[in-house]
Each structure stands twice: as C-alpha cells, then as structure tokens.
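Below are the chains, spelled out letter by letter.
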Amino acid sequence: MGKGFFISKTVAAICVVAAIGAAATIIALSVVYDQEKSKNLDAPVTTAEPGTTTQPTTPSTPKQPWQLYRLPDSLSPVSYNVTLRPQLKPNNDGLYIFSGHSTVVFTCVKETDLILIHSNKLNFTMFEGHHAVLRGVDGASAPSLKTSWLEVPTQYLVIQLSSPLQAGSTYELFTEFVGELADDLGGFYRSEYEDDGVKKVVATTQMQPTDARKAFPCFDEPAMKAVFHVTLIHPHETVALSNSMNYEPVNITTSDGMDLIQTSFEPTEIMSTYLLAFIVCDFGYSESQKLKQLVWARRKAIEEGQGAYALEKTGPILSFFEKYYNISYPLQKSDQIALPDFSAGAMENWGLITYRETALLYNPTVSSNGDKERVATIISHELAHMWFGNLVTTRWWNDLWLNEGFATYVSYLGANYAEPNWNMKELIVLNEIFDVLAVDALTSSHPLSSKEEDIMKPEDINALFDTITYNKGAAVLRMLSSFITEDVFSKGLHTYLEEFKYKNTVYQDLWKHLQMAVDETGIWLPHSVEAIMNRWILQMGFPVVTIDTKTGNVIQKHFLLDSDSGVNRPSDFNYEWFVPITWIKNGAAEDQFWLLDKEATNSNMTLGADDWLVANIDMNGFYRVNYDSENWERLLAKLGTQHKDIPMINRAQIIDDAFNLARAKMIDTTLALRTTEFLKEEVEYIPWQTAIRNLDYFYLMFDRSEVYGPMQAYINNQVEPLFKYFETLTDHWTKIPDNHTDQYNQVIAISWACKTGVPGCKELTTTWFKEWMQNPDNNRISANLRSTVYCNAIAEGGVVEWDFAWSMYKNATIASEANKLLRALSCTKEPWLLNRYLEYCLDPEMIRKQDASATIVYIASNPVGQSLAWDFIRAKWDLIFNDYSGGFSFGRLIDGVTRRFSSEFEYKQLLQFKEDNTDQLGSAAASLEQALERTKTNMDWVVLNKQPVLDWFTSQIPPKDY
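Residues numbered from 1 in each chain as written. Predicted model: local features only at pLDDT ≥ 70, side-chain atom pairs only at ≥ 80, totals over all residues. Heavy atoms only, no water.

> Looking at this structure, I do not really get the overall build of the chain. What am I missing?
Within the chain, the regular secondary structure consists of 30 helices and 31 strands. Against the compact-globule benchmark of 30 Å for 962 residues, the chain has a radius of gyration of 29 Å, which places it among compact chains. Principal-axis analysis of the C-alpha atoms gives the chain an extent of 90 × 70 × 55 Å. When contacts within the chain are restricted to residue pairs at least 6 apart in sequence, long-range pairs at least 24 apart make up 74% of them. Of the roughly 35,600 Å² of accessible surface on the chain, a fraction of 48% belongs to carbon and sulfur atoms. Computed over 81 positive and 120 negative side-chain charges, the separation of the two mean positions in the chain equals 1 Å. (Helix = DSSP H or I, 4+ residues; strand = E, 2+ residues; numbered from the N terminus. Rg over C-alpha atoms; globule rule 2.2 N^0.38 Å. Contact = heavy atoms within 4.5 Å. Areas by Shrake-Rupley, 256 points an atom, 1.4 Å probe, with all protein chains shown as cover. Lys, Arg positive; Asp, Glu negative; His and termini not counted. Charge placed at Lys NZ, Arg CZ, Asp CG, Glu CD.)

Put into structure tokens, the structure is as follows:
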C-alpha cells in the first residue's frame, strides 16, 4: 500500500548539500535557540539561521485558511522521507538541538494555490527567500513559490504559490530545519538519567496528539495517513529505533569530521503522524524468539531482569488479541521501551511502544503486586491499540473516547488472559468505573463524543485525555459488550477492522458493524445498537434507576451529585437513556429488563416481606440504583447476617451507590454509613476498598473538625478484625498472601489500622522502617507493604526519617521503588519539610518533570500539605504553565489540589484563580469548572450533614474510645 518512494535528482542533491551543511547550520542557530529557550514554550518562533531571509509573521485577516486550526481538504500526503540528527551533547551555548530535512510527497485533491503544513518550534533554512522547495512528481509541473511564512498561533508553515496546484497531480515539498531537543516531554525531546555517576541522554519522541509537527513539518492530523521513511544519524555506542525494522546501519563521516552511524528503516505501514516514533539511546534489550519482540531499557535494568515479566506477558497478550480480533498482528516486530522521562503512562506508537519505566519494568524483589498489575494492564492497553487505533484510526480527536475507552476496556480482558488468577474482569469496576461515576455526576461533565467543530485547538484536544474519555468510554463499551454478549461484540470488531484497515472511521462505523453481528446471531434488542448507544455517548451523565419493590415501579432520572444545580448543556434525548437492567431476587438471576422510558412497571420486581432485590449485577450497566426504604432495610439486614449471599461486586456497588445517593440527597447519609457496618465480617478487597474510598470523602470534609475523633474510633473498630485476620493469615506478617486481591487487602488492613490507631500497627511499621535505616543495603520490608510502611513511618518521624527516604529515592535504580518513596515523602506532618518538597517539584535536578504534577497532588492529599500545595501552585502558576506544559496534567493537578475544598473562602479563592489565569489555563479549564462545582457541592453537603454524621459516629462508639 503505497510503500514506494520517489525523490527527484534535484531534491536528492539538495539533501546531500543539506547533510554536509548540517553542522554549520547547528552552530549558526545556537544563538537563536538561546533566545528561544527563554520564551514561552507554547509560542513558536519565526526565525531562520543568520544570513538567510526571515519572513515575518503576516498580519492575518479574519477567517483566512491559515487562521483555522483544521487543515483544508485540498492536499493529501502519500509519504515522508525524514532524516534527523539529534545532538546528545550540548553545544557551546548549553543547548541540545537536532537538525534534519524532510520530503513529503502529497497529492493535490482540489485545485489550490496554498500549501498549509504543520510546524511548531522549528527553524528553517531559507531557499531563495522561502522556507521550502517544491517539485512536481511524475511529470507534474510545480508552480513557483510566491511567499512563505510561519503562522505561529495555528502552528503552520504557510506557502502561497504563484499559480494553483492541479487536482490529481503529485508533488513533493522539501524542508531543512533545526529544532531544540528540549526536556519538555513532547515532540522530539531528550530524556536523561545517570549510570554510575555518568549522565546519559536519550533522544526520544511523544507525538500524540499534536507534537509530530515539533519534530518535522507534517500534515499533523489523524486522517492524514501516509507512509514514513525514517533515517537517524547518531553516535557510535548508541542504537536507533523506529516503528519499522531497520536496514543495516552504515558508518558515515560528516563535514565537521564526526564519525557517526546512519540507520535507515523500512517504510512503515500507512499510518497517522501521531503514531510515529524514533529513539536514539544506548539501552539494552531482552528478546523473545517469537515474532520479533524486544523490551528495551537502561542496560542495568535489563541486566537485572526487569524487562523479563513484560516480555513474558507480551506474547500471550498479543495472542489473545489476535484471537479476539480474529486478525493477525499487523507488523513484523513489537518493540517496547522504558524511558526515564515520559509524560504519559505509555504510548501506542505502532511497532515501538514507549512507556514510563514504572509501566514496563518489574523487579519481583522490589516491585509490588500493584506494580505487576500495572505493567500487565498497560501493556495490554497499548497492544490492543495495535489494531484498534493504529490499524484503524478514528478520523478526528472528537472520537478519542472510542480509541482510548475501547483500549481501557479490553486491556482488562488481555490482562485477565495473561494472569487468569487475578480476577481482572472484576477489578475494572473498582479501578475504572466507580471513579468515573463520580466525575460524570457533575454538571460540568461532558459527553463522550463531541462535534468535530468543537474540538479544534491543541488545548481542546489535550483536554479530552480525561477520566470521561478513558473510564466512561470503557464502562459504556463494557455495558454494550455485556448486553450483546462478548462473542457478538468480538465478531463486530473483526468485520469493522477488516473493512477499515489502514483507514479512518467515525464511531457510527463501529455501531454499523456491531449491528451486523447482532442481526447475524439473532440477539434481541429493543432498538438498534446506534439508537441505544447514542444516548450514552452523545449526552453527558448517566441515570439513577429507582426501583420501588412495593409496586414494581421503575423510574430513571439524570443523576447529579448536586441535585439543586441546573444543567446548562442541552440534550437531544432529554437526559433519558435506554437502560439494560440486570437483577437478582433472593440471590437468583431474573430476566433482563429494558427501561426504555422515564418510567415503567415490572410486576416481577414487586417483593414480599421477606424478599430482597439487587439490580445492576456485577455493575455491567453504567448507572446507579436506588430502592424504596423497605428494600434498603432488607439489604442491610442481609449484609449484616449473610453478606456472601449478595455477589461480591454488588456488595461494593451497594456501598458506592449509597454514599453517592446520600451526597445527592436522595437517601440519608446515615443509611450510607450503615452499609459499612458489615465490614467487620468482610475480608474481600473490592468491598473494603470501595468503602475506604467513600469514607475518604468524609476525611476530606471533616478531618479538620470535631467529627474526626468519633469517625476515627468507628473505623478503628471496623478495621481491627481485618488487621487481625491478616496477622493470622500471614503468620504474624512473615508470609505473603497467595491471592492477588488479598495482597491488596492486607495493605488496606495495615494502612487503616495505623491511620486509626489499632494497637500494634504503628509500632510494626516504624520498627520495619528503622531496621531498614540501620541497614540501608538490605531492605527486608515486603514489596507489597512498602508504600504504607514508608508513609506511616515518615508521618510518625521527623527530618531524619524524611532525609533518609529522600536519599533512598535519589539513589533508587528501580522506578517503582522510587515512585513509592516519592509518594511516601509527602506523608510527613512537618510543614517546613512539605514546603521544601514543593520547591523540589519545580527543580528538574531534584524531581523529574514527569513526576512533578503527581508529587504536588500527593502533598495536597496530606491534610497538613493541602493549603501549602494550593498556595504553591497559585504562586508558581506562570512557571508551571509555561515551563512544564509537556509533563503536567494541568487538569489532574487542579483536581487533586482542590478535592478538600468545602468553604466559601476556598470557593472564592478558586474564582480568583480563574480570573487571574483566564488566558493560561489550557487543559485545566474544564477541571477548574469541575472544581468550582464540586466545592459548591461540598459546601452544601457539609452544612447539611455535619451534625447527623457526628451524631451517628458518636452513637456507634462509647465515648471512652475516642
């Protein structure tokens, strides 16, 4: 499919000249880049090397094509030939830069005298006063260039021609450029690490969503698929990687006398720019004999076997997806690489997947079972994309939810296949669905699918990488797979992928193929797949289904945490859904019931005095459930006497629904609290973790009030039996539980026993930590328990414990261990230590940029650190926004720092922050609106519930216990 590549003799000659002149160009541009580095990272410059003509940015008139953020449909790329030379050492001005040249072959679809191609932060060599050279291909005659300039706001190289390009003709555009190999984690960037005290530099990429244009000029939209021919020029002792298999590297000598290696790669498959990757490093690798599966990482990490688990599970997960899609793996190789600096968890570059070290590397002596699960699920997520997202790609970013939501859902299927004893199909409810139900219950939420015209700017696109996109996308696709069955879902995926391979789609294309599979297998649905699913993706939110077991009446209503808030976003469906209701009566499964209107009656749901009912079995549906008071009482009675009669997932669901219904003022908060009474008899992880998450909200609201003491006493009483259960199960903490989720629950037992003062817990954790301090080279603390032990010991200690942990963090060679320490350091109760830690967050020598945002949120989660973190980001916002744009999730930062807000004063501070930073919120804008709404909801909730909550907790525990 278009694997051939044509380059004219004239442009080939230009390429040779460009390569010879690369060193001179780099030196000449050093001054330019020294100036550029001090500017806003989000503001590209319009410069060329000294001695050439620089075209100023042309004053724009309204609605000129170059002022629009979407490319016109007049040109279509066929292939790129990109050659890049990254400098892994700074030049005389202390700058890391890369030089390169690129030829893009494109077809003219509609006659035009304008070429728009994306470019951001690149400095171009000028050819006869222009930024590029245009040639015709296959006999086509290329018009001369009239003028060219860089349109900074929309990130275009604009070329106006003296006469039009002809529809149906093919052309090629050559450019030569220099860019900064910055540490901003976007485009072509550098990552650094130390090896035996020696600083090493990696040149690597992160193109998604709109940063391929920072590496070379390109038509940087997902529908502009093309074939890529990549060549990298790099030092000896390094290796070059890209999406495709490489040809035999050759030695070359540059004009400046440098002896280097030139590695060229086979042409890629037809793919989008955001999936392109290229890396220069000195890493080692582990290799599988099957296919061409390699795991790359720092040499020490490979020598220590940290890539072994990833390699072991990659093969089975790939095999699972080949069967699931019924399509062979589309490529010849599967490289996966762990990078010291990486902004996301991982990136599905086709054939060269990039990861944070914590997402790919695993050391069984240091990494926890949670680290292991993270590796398995993220690998599964990225490998799922090799077909769904890469082979077939959505046309525009407004359907990002389909790409990421799907991969999130099936990542649990792939991980479940690779680790069948982990119950991953259950853990998706806890890890993904409960969280997003809380976010999607805000009026500031948004639909899964937006209109294309509403998602234009890069900041609009970046804002879509949120909990709604990933988690809700996964939840509604899981619901769909459930009611049409997983086999039918898989069949529909197969025909969808077959029809659209190497092409682009919209979400309706998937609905069409799933409908074909439904029709073929005779599955009954009350409406078409599209009619059912459009209500879940085209309007925000979800329903609460209220079942009256006295009458069988079933009602749906848009669920909002703040029931008094108004919804300003209109819906064509009036916020009603077609709801698949699965349910059990007295433990026995009943026929699925479709709620197709706002209200309906199901006589089978009318119960006798001794009957009980639970709806939404295993949380397969994306909705909450409320009941009449009698059924709630019967469920509480059942939990208190025979809790195992209710399925485990639904025990967690009852807790989560009750607490959220109480926040929405639909039931009493004391009823929600009563759903935790049975936990004294519960030993399963998912119900416990669900309760802890919901009770954590009470801590956020009340840990600075008189409610705190009685609340601590109650939870102490509930968790002490769990602590003793695991003390026995582990033979006094000397063994690791066999079950995957038991290992998680052991952590809960110790964490909350220490938090609430269960006798013996703090002594246990501080003793383990002191033993480690006395013998730093021999850490005998169980890997699973390290996070909670470190946190509790640092909280109980002072500067000595903190400094020890900081030293261990700085010297950690295993990323997952460093991450545990990074988080635990935020647990100190000393304000001055937390303030010092906050300052470290914006010093890349102390804390990597990729970790800065998360660390600030960790500090904010500490009651002592919350106000400190909020003051810090307000004072440093200019620096954070401008210097950390590549490594920060601004939305998650705002969300994490403001979770505890519940006062009028804090609400006004948020409003002031919004006013002060209106022009530089970027992807944080939506999260700021959610924070404002959540703060208002918290304020109302505290006023309404503080006294009854205090009274309830007090009634549960004798006064002497707190």
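> Got a minute to help me understand the environment of Val137 in this structure?
With respect to the helices, strands and loops of the structure, Val137 is situated in strand β5 (residues 133–137). Separated by 32 residues in the primary sequence, Val137 and Val105 have C-alpha atoms spaced 8.2 Å apart.

> Please explain the UniProt feature "binding site: Zn(2+)" (unreviewed entry) in the chain as it appears in this structure.
Under the local residue numbering, the UniProt record ascribes the feature "binding site: Zn(2+)" (unreviewed entry) to His381, His385 and Glu404. For the annotated residues, spread through 24 residues, the largest C-alpha to C-alpha distance comes to 8.6 Å, consistent with a single compact locus. Structurally, His381 can be placed in helix α6 (residues 369–385). On the basis of relative accessibility, which here comes to 10%, the residue His381 falls in the buried class. With residues up to four places along the chain from it excluded, the contact list for His381 reads Glu404, Ala407, Thr408, Ser411 and Tyr470. (UniProt positions renumbered as here; feature names shortened; annotations may be inferred. Buried < 20%, exposed > 50% of the residue type's maximum accessible area, 1.4 Å probe, protein only.)

> Would you mind going over the sheet that holds strand β17 (residues 293–297) with me for this structure?
Sheet strands pair by backbone hydrogen bonding; their relative direction is either parallel or antiparallel. Strands sit in the order β16-β17-β18-β20-β19 across an open sheet of five strands; the sheet is mixed. Two strands in the sheet have a free side with no partner beyond their single neighbour: β16 (284–288) and β19 (346–347). Direction of pairing for β17 relative to strand β18 (residues 334–339): parallel, over a ladder of four bridges. When the sheet's bridge partners are listed, Gln293 is paired in β18 with Ser334. α6 rests against β18, β19 and β20 (352–356) of the sheet, and its axis sits at about 150 degrees to β20. (Pairing = 2+ DSSP bridges. Axes fitted to C-alpha atoms, helices over the stretch in contact; angles between N-to-C directions.)

> What am I meant to see in the side chain of Thr154 here?
Considering the arrangement of structural elements, one finds Thr154 in the loop between β6 (145–151) and β7 (156–165). Exposure remark for Thr154: the relative accessible area of 4% places this residue in the buried category. Within polar-contact distance, the side chain of Thr154 engages the backbone oxygen of Trp66 at 2.5 Å. Dropping the residues within four chain positions of it, Thr154 is found in contact with Trp66, Gln67, Leu68, Tyr69 and His118. (Polar contact = N/O pair within 3.5 Å; in protein donor to acceptor, adjacent residues only side chain to side chain.)

> Where do I start with the pattern of salt bridges in this structure?
Think of it this way: side chains of opposite charge can pair up when their charged atoms draw near. Under the criterion given, the structure shown has 47 salt bridges. Note that Asp183 and Lys849 form a salt bridge whose closest N and O atoms lie 3.3 Å from each other. Residue Asp183 is located in the loop between β8 (170–180) and β9 (187–195), and its partner Lys849 is located in helix α25 (residues 849–861); the two are separated by 666 residues in the primary sequence. With a shortest N-O distance of 2.9 Å, Asp703 and Arg900 are connected by a salt bridge. With Asp703 in the loop between α17 (685–702) and α18 (708–729) and Arg900 in the loop between α28 (890–897) and α29 (904–916), this residue pair connects regions lying 197 residues apart in the sequence. In this pair, the class of Asp703 matches that of Arg900, namely buried. Overlapping salt bridges, with partners in common, bring together Asp195, Asp196, Lys200, Asp282 and Lys300 in one network. (Salt bridge = Lys/Arg side-chain N within 4 Å of Asp/Glu carboxyl O.)

> Looking at this structure, I do not really get the environment of Asp282. What am I missing?
Counting through the fold element by element, Asp282 comes out in the loop between β15 (278–281) and β16. Take Asp282: its relative accessible area is 15%, and that puts it in the buried class. C-alpha of Asp282 to C-alpha of Gly100: the two residues are 182 residues apart in sequence and 21 Å apart in space. Discounting residues that sit within four places of it in the chain, Asp282 has contacts with Tyr193, Lys200, Glu237, Thr238 and Arg299. A distance of 2.7 Å separates a polar atom in the side chain of Asp282 from a polar atom in the side chain of Tyr193. Among the polar contacts listed, one links the side chain of Asp282 to the side chain of Lys200, at a separation of 2.8 Å.

> Can you walk me through a nonpolar patch on the surface in this structure?
A surface patch of nonpolar side chains, about 280 Å² in accessible area, is lined by Val799, Val800 and Trp832. Locating Trp832 in the fold gives a position in helix α24 (residues 831–841). The exposure class of Trp832 is partly exposed, given its relative accessible area of 46%. (Patch = residues over 30% accessible without salt bridge, like charges linked within 9 Å, V, L, I, M, F, W, Y side chains within 5 Å.)

> Sorry if this is basic, but what is going on with the sheet that holds strand β3 (residues 112–118) here?
Overall, antiparallel pairing links the three strands, which are arranged β3-β7-β6 in an open sheet. The sheet is open, and its two borders are formed by β3 and β6, each paired with just one other strand. Between one strand and the next, the sheet's axes are offset by a mean angle of 20 degrees, whatever the strand orientation. Direction of pairing for β3 relative to β7: antiparallel, over a ladder of six bridges. Counted as the bridge partner of Leu116 is Val158 from β7.

> Would you mind showing me how to read the state of the cysteines here?
The bond known as a disulfide is covalent and runs between the sulfur atoms of two cysteines. Inspection of every chain in the model, using the stated rule, returns two disulfides. Between the sulfur atoms of Cys754 and its disulfide partner Cys761 the distance amounts to 2.1 Å. Judged by the sign of its S-S torsion, about -90 degrees, the bond between Cys754 and Cys761 is left-handed. Cys761 gets classed as buried once you look at its relative accessible area, which sits at 0%. A sulfur-sulfur separation of 2.0 Å characterises the disulfide bridge that pairs Cys791 with Cys827. Disulfide Cys791-Cys827: the torsion about the S-S bond is -100 degrees, which places it as left-handed. Here Cys791 is found in helix α21 (residues 786–796), whereas its partner Cys827 is found in the loop between α23 (815–824) and α24, with 36 residues between them in sequence. Owing to a relative accessible area of 24%, Cys791 belongs among the partly exposed residues under this scheme. Taken N- to C-terminal, the disulfide-bonded cysteines of the chain are connected 1-2, 3-4. Cys841 carries a free sulfur, and the closest cysteine sulfur to it, the one in Cys827, is 14 Å from it. Judged by relative accessible area, Cys841 falls into the buried class, the value being 0%. (Disulfide = S-S within 2.5 Å.)

> Is there a simple way to think about the nonpolar core in this case?
As a rule of thumb, soluble globular proteins bury nonpolar side chains together. Tyr324, Tyr325, Trp511 and Ile581 are the most contacted members of the largest nonpolar core, which has 310 residues in total. Filtering out sequence-adjacent residues up to four positions away, Ile581 remains in contact with Val545, Val554, Asp591, Gln592, Phe593, Leu595, Met605, Ala615 and Tyr623. (Core = buried A, V, L, I, M, F, W, Y, C linked by side-chain atoms within 4.5 Å.)

> Would you take a moment to explain the domain arrangement of the chain for this structure?
Frequently, the measure chosen for interface size is the accessible area removed from exposure when the parts meet. Under the domain assignment, the chain is made up of domain 1 (66–281), domain 2 (283–421 + 486–522), domain 3 (423–443 + 454–470 + 524–666), domain 4 (704–829) and domain 5 (830–961). Summing both partners gives a buried area of about 2,200 Å² for domain 2 against domain 3, and 69% of it is carried by carbon and sulfur. Area buried by domain 2 at its contact with domain 3 is led by Trp397, Tyr412 and Trp511, which between them contribute 28% of it. Our enumeration of links across domain 2 and domain 3 arrives at zero salt bridges. (Domains from an automatic or database assignment. Buried area = accessible area lost by both parts, 1.4 Å probe.)

> What should I look at first to understand helix α10 (residues 467–484) in this one?
A turn of α-helix holds 3.6 residues, and therefore any two residues three or four places apart point the same way. Taking 1.5 Å per residue as the helical rise, α10 with its 18 residues ought to reach 26 Å, and the 25 Å between its terminal C-alpha atoms agrees with that figure. Taking the backbone nitrogen of Ile468 as reference, a side-chain oxygen 3.3 Å away marks Asp466 as the first, capping residue of α10. At the C-terminal side of α10, Thr485 shows a positive phi close to 80 degrees. (Expected span 1.5 Å × (residues − 1).)

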